[in-house]
Amino acid sequence: KAPLSKSLMVILSTLAFVLTIPLQQYQQHFIYNIQAIKQDQQVWRIISARTVYLDLKDLFCSCLLIYNFRIFERRYGSRKFASFLLGSWVLSAIMDLLLVEALHHTFDMSVNILPSGFLGPIFALFVPFYFSIPSVQVVQILGRFSITNKTLVYIMGLQLLTSSTTTWILAFSGLLSGIVYHYNVLKVQQLLCVPKWVTRCASFILEPLFSSADPTDEAPIGMGATLEIQRQQRMEMLDQQIMLAQLNQNNRRHRWQGGLINWNRLFPPLRNRFPANNQQQESGLNRPSTVAPVSEEQVARLMEMGFSRVDAMEALRATNNDLNMATNILLQH
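In this text the structure is predicted, and so the values were computed from the model without any measurement.

Caption draft 1: Up close: helix α16 (residues 309-318). Buried residues of α16: Ala312, Met313, Glu314, Ala315, Leu316 and Ala318, and no others. Of the residues flanking the end of α16, it is Asn320, one or two places downstream, whose phi is positive at about 60 degrees.

Caption draft 2: Molecular detail of the environment of Asn184. For Asn184, the position within the fold is in the loop between α10 (167-182) and α11 (188-191). Contact partners of Asn184, with chain neighbours within four places excluded, come to Gln189 and Gln190.

Caption draft 3: Expanded view of the packing of aromatic side chains. All chains considered together, the criterion is met by 10 aromatic pairs. Summarising the aromatic geometry, the rings of Phe129 and Tyr154 are spaced 5.6 Å apart at their centres and angled 75 degrees between planes, so their arrangement reads as edge-to-face. Placement of the pair is Phe129 in helix α8 (residues 126-132) and Tyr154 in helix α9 (residues 151-161), with a sequence separation of 25 residues. Ring geometry for Phe131 versus Tyr183: centroids 6.0 Å apart, planes at 80 degrees, classification edge-to-face. Taken as a pair, Phe131 in helix α8 and Tyr183 in the loop between α10 and α11 lie far apart in primary sequence, 52 residues in all. With a relative accessible area of 48%, Tyr183 lands in the partly exposed category. In this structure an aromatic cluster arises from ring pairing among Phe69, Phe72, Tyr76, Phe123, Phe126, Phe129 and Tyr154. The lysine or arginine in question, Lys80, covers the ring of Tyr76, its NZ or CZ lying 4.5 Å from the ring centre. Across the ring face of Phe129, the terminal group of Lys150 is positioned such that the distance to the ring centre comes to 5.0 Å.

Caption draft 4: Layout of the nonpolar core. Among the nonpolar cores identified, the biggest contains 51 residues, and Tyr53, Leu65, Phe69, Phe72, Leu114 and Phe118 are the most heavily contacted of them. Per-element tally for this core: the top contributor is helix α6 (residues 78-107), with 11 residues. Each residue touching Leu114, except ones within four places of it in the same chain, is listed here: Tyr32, Ile34, Val100, Thr166, Ile169 and Leu170.

Caption draft 5: Looking closely at the packing of helix α1 (residues 3-20) against α6. Across the interface, α1 lies against α6 with an axial gap of 9 Å and an inter-helix angle of 45 degrees. With respect to their mutual orientation, α1 and α6 come out oblique. Taking contact as the criterion, the partners of Pro3, Leu4, Ser5 and Leu8 in α1 are, on α6, Ser78, Phe81, Ala82 and Leu85. Taken together, the residues that form the contact of α1 with α6 break down as 6 nonpolar, 2 polar and no charged.

Caption draft 6: Inspection of the layout of surface pockets at higher detail. Taken as a whole, the second largest pocket holds about 730 Å³ of empty space. What lines the second largest pocket is a set of 24 residues, and nearest its centre among them are Lys80, Tyr181, Gln189, Glu297 and Arg301. Elements that contribute at least two residues to the lining of the second largest pocket include exactly α5 (70-76), α6, α8, α10, α11, α15 (296-304) and α17 (323-332). When residues of the lining of the second largest pocket are assigned to their parent elements, the largest contribution, 5 residues, is made by α6. Residues that form the lining of the second largest pocket fall into these classes: 12 nonpolar, 7 polar and 5 charged. Formed jointly, the lining of the second largest pocket draws a minimum of three residues from each of two domains, domain 1 (3-211) and domain 2 (293-332).

Calculation rules
Residues numbered from 1 in each chain as written. Predicted model: local features only at pLDDT ≥ 70, side-chain atom pairs only at ≥ 80, totals over all residues. Heavy atoms only, no water. Buried < 20%, exposed > 50% of the residue type's maximum accessible area, 1.4 Å probe, protein only. Helix = DSSP H or I, 4+ residues; strand = E, 2+ residues; numbered from the N terminus. Contact = heavy atoms within 4.5 Å. Phe/Tyr/Trp six-rings, centres within 6.5 Å; stacked < 30°, edge-to-face > 60°. Lys NZ or Arg CZ within 6 Å of the ring centre and 35° of its normal. Core = buried A, V, L, I, M, F, W, Y, C linked by side-chain atoms within 4.5 Å. Axes fitted to C-alpha atoms, helices over the stretch in contact; angles between N-to-C directions. Parallel < 35°, antiparallel > 145°, perpendicular 65-115°, else oblique. Nonpolar A, V, L, I, M, F, W, Y, C, P; charged D, E, K, R; others polar. 1 Å grid on protein atoms, 1.4 Å probe; cavity = no way out; pocket = protein on both sides within 12 Å on 5 of 7 lines; lining within 4 Å. Points joined across faces, edges and corners; volume = space filled by probe spheres on them. Domains from an automatic or database assignment.

This is the structure:
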């Protein structure tokens, strides 16, 4: 259920291998040359050099990171995920040039060549990864250092950061663009978004090629082909369990405060957890509801993922307008 992530991995890998083996003579057109962009007006290099990789080590790390970041496409939907990639790509391109100029005028540091590839959006994805994905401890080393489900992703990001002496410029601009887009500074999410007609065309072309069928009920969980896939599946299960635990905690808090949340459609087994007389006593209380009103913007985001308006509103009421928790509930029910 992540066709955009799959297509990115396939297309970027294909272009990199084609330029590395059979078409090496054309690699000069994909070099991220800042001086050629500014002095020779080769603006097309911003598109070519900031998309195609010339270093296979960077390509390998980036594909692994895209594979791990596919969770955002599943949570937000392909259109919103594509809008994030587009917005961070445009913002990081502007920040690359500004940062190079600032280094030249402030520290007299001349930077002419930067690493090529889709690095700006890759580093930008670390921002929602840090804020949105819960950290689950897997093991402790020497009793002090904790290894979590996010450690491997950070290690791959560090490997990508140290691949070149100037990669830190792209990393800094990518992280900054990710922060700007994540917090919607100056309404960039409305300005830099993928139009719906582009999404429909891409869905018509790419989805038949890269989409996968839903897993059957008989398929056991944690039976991936490799240990890494099995570990990732277990981490995703732990993430869902944490979300459900937070949801149950909010349920208990609202129940003791007198707020009665309708769990009948989301969690049918919970209807029989409390005695009938307790439910009657709670329903007879004339306390004001503490549940926040449903945000129409959050409802629209859930509807963009394919959920109905009724289910989206009930999930948001149940999670007190927490978009991530509501998405997890709708995906599981």
